[in-house]
Amino acid sequence: MMTMSLTTTPNGIDSLSQSAQDYALVAQAIRYIESHRREQPELVAIAGHVGLSEFHFQRLFSRWAGVSPKRFLQALTVEEARRALTRSASVLDAAYDTGLSGPGRLHDLFVQCQAATPGEVKSGGAGLTIRYAIQPTPFGDALIGVTERGICALSFVADGEESSAVDELRRRWPAARLVADRAESAAIAQRIFSGATQRDEPLHLYIKGTNFQMQVWQALLRVPTGSLTTYGDLARTIGRPSAARAVGSAVSSNVIAWLIPCHRVIRQTGVVEGYRWGSERKRAMLGWEAAQAA
């Protein structure tokens with residue numbers, strides 16, 4: 001069982017807050033680029049759209065992504081996505097064969113899933129206490145819910161939708177006791193997004209899902225950082241080659257963002273879309289990961 005008496009540092013919390021603030025401007029930039037992609041806007045136009053000088057925008061973007069805006073945007077093109085899918089094929093074959101994803105990935109050695117039993121699902125979480133709060137992350141604010149069994153929720157939240165996110169958590173676990181707890185969820189956020197997870201004990205996830213959904217989510221855990229996969233490839237991985245559509249449904253049903261990396265699933269054509277928390281955020285996450293991998 002996971003011990004939840006974790007601690008974090010003020011600097012770590014400040015770092016996540018700064019990353020969340022940076023992401024808000026980066027997201028604006030990505031929206032602008034997407035709507036003007038045929039024009040291939042220059043840096044000065046993108047910076048002007050978000051109300052910054054070229055110098056300040058370049059500095060902000062590089063602080064968030066670790067690379068220049070130009071290098072980041074290259075990772076978001078369809079051509080690069082296709083190349084990434086090709087490169088990923090052999091990597092994923094090895095990962096699935098060994099059950100590992102290679103170094104640098106929050107794979108199943110560090111993220112362990114425990115499914116709720118049918119009785120626990122039927123009871124709606126009776127006797128369960130969920131400690132939750134909205135926390136800043138490098139990809140915007142997220143609702144994090146934690147139980148003694150592990151993390152049961154990690155969902156990105158748009159401005160003004162905080163109450164709706166909590167209501168959704170309550171609907172998923174109607175009989176559970178929900179307790180607002182910023183300190184505990186902040187400690188979890190720090191572990192997830194600071195890269196400390198691999199040095200610490202594994203993160204445990206406590207999730208509700210069918211056997212089929214659990215198979216798909218476990219397969220997602222083996223997709224390494226910087227790699228991509230398709231719905232068809234996931235279907236073949238779990239031994240259900242004709243179930244690509246059902247796999248897509250299972251991917252979209254994931255309620256643990258980032259840790260179960262459903263954002264790494266794209267279409268065979270290389271098009272990046274169809275993410276529960278917005279295609280714009282998905283592009284940001286994939287671009288950020290590609291930059292880190294590079």
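Quick summary incoming for the structure in this document. Remember, it's a predicted structure, so these values are computed and weren't measured experimentally.

Considering the overall build of the protein
Secondary structure summary: the protein contains 12 helices and eight strands in total. Going through the 294 residues of the protein one by one, you find that 50% of them count as buried. For the protein, the proportion of contacts with a sequence separation of at least 24, taken over those separated by at least 6, is 67%. For the protein, the accessible surface area stands at approximately 13800 Å², while carbon and sulfur atoms represent 50% of it.

Considering helix α8 (residues 182-194)
The first and last C-alpha atoms of α8 sit 17 Å apart over 13 residues, in line with the 18 Å expected at 1.5 Å per residue. Sitting at the amino-terminal end of α8 is D181, which places a side-chain oxygen 3.3 Å from the backbone nitrogen of A183.

Side note on the nonpolar core
One finds W64, I192, I256 and L259 to be the most contacted residues of the largest nonpolar core, which totals 61 residues. Counting residues per element, this core draws most heavily on helix α1 (residues 10-35), at eight residues. Counting residues in hydrophobic clusters, the runner-up holds 16 residues, among them V157, L169, A176 and Y206.

Observations regarding the side chain of Q135
Within the secondary structure, Q135 sits in strand β2 (residues 129-135). What makes Q135 buried here is its relative accessible area of 3%. A polar side-chain atom of Q135 sits 2.9 Å from the main-chain carbonyl oxygen of R182. Looking at Q135, its side chain comes within polar contact range of the side chain of S185, at 2.8 Å. Sequence-distant contacts of Q135, defined by excluding residues within four places in its chain, comprise G140, D141, A142, I144, R182, S185, A186 and A189.

Considering the pattern of salt bridges
Two side chains with opposite charge may pair up if their charged atoms get near one another. Considering all chains together, one arrives at 11 salt bridges under this definition. Between R131 and D181 there is a salt bridge, with its nearest N and O atoms 3.7 Å apart. Of this pair, R131 sits in strand β2 while D181 sits in the loop between β5 (177-180) and α8, and the two are 50 residues apart along the sequence. Of the residues examined, R131 reaches a relative accessible area of 29% and is grouped as partly exposed. For D181, a relative accessible area of 19% gives the class buried. Across the pair R172 and E168 runs a salt bridge whose closest N-O atoms are separated by 3.3 Å. Within this pair, R172 and its partner E168 are both found in helix α7 (residues 162-172), separated by four residues, close to a single helical turn. With a relative accessible area of 28%, E168 lands in the partly exposed category.

Points about the side chain of R172
The class of R172 is buried, set by a relative accessible area of 18%. Apart from residues no more than four positions distant in its own chain, R172 is found in contact with C152, A153, K208 and V255.

Considering helix α3 (residues 54-65)
In a regular helix each residue adds 1.5 Å, so 12 residues correspond to 16 Å; α3 covers 16 Å between its end C-alpha atoms and thus fits that length. Buried within α3 are the following residues: F57, L60, F61, W64 and A65. All buried residues of α3 project into a common sector of 110° when viewed along the axis, lining one side.

Some thoughts on unusual backbone geometry
Phi at W258 takes a positive value of approximately 70°, unusual for a residue other than glycine. Residue position: W258 is located in the loop between α11 (244-252) and β8 (265-266).

Let's talk about the packing of aromatic side chains
Geometrically, a pair of aromatic rings is defined through the distance of the ring centres and the angle of the planes. Scanning the model with the defined rule gives 12 aromatic pairs in all. With centroids separated by 5.0 Å and ring planes inclined at 40°, the aromatic side chains of F139 and W258 adopt a geometry described as tilted. Taken together, the positions of F139 in the loop between β2 and β3 (142-147) and W258 in the loop between α11 and β8 put the pair 119 residues apart, joining distant regions of the chain. Aromatic side chains F139 and W288 sit 5.7 Å apart centroid to centroid with 85° between the ring planes, which places their arrangement in the edge-to-face category. Linking F139 in the loop between β2 and β3 with W288 in helix α12 (residues 279-293), this pair joins segments that are 149 residues apart in sequence. The same class applies to F139 and to W288, which are both buried.

Cut-offs applied
- Residues numbered from 1 in each chain as written.
- Predicted model: local features only at pLDDT ≥ 70, side-chain atom pairs only at ≥ 80, totals over all residues.
- Heavy atoms only, no water.
- Helix = DSSP H or I, 4+ residues; strand = E, 2+ residues; numbered from the N terminus.
- Buried < 20%, exposed > 50% of the residue type's maximum accessible area, 1.4 Å probe, protein only.
- Contact = heavy atoms within 4.5 Å.
- Areas by Shrake-Rupley, 256 points an atom, 1.4 Å probe, with all protein chains shown as cover.
- Expected span 1.5 Å × (residues − 1).
- Polar contact = N/O pair within 3.5 Å; in protein donor to acceptor, adjacent residues only side chain to side chain.
- Core = buried A, V, L, I, M, F, W, Y, C linked by side-chain atoms within 4.5 Å.
- Salt bridge = Lys/Arg side-chain N within 4 Å of Asp/Glu carboxyl O.
- Arc of directions from axis to C-beta.
- Phe/Tyr/Trp six-rings, centres within 6.5 Å; stacked < 30°, edge-to-face > 60°.

From the geometry alone we can't say anything about function, so treat these as descriptive.
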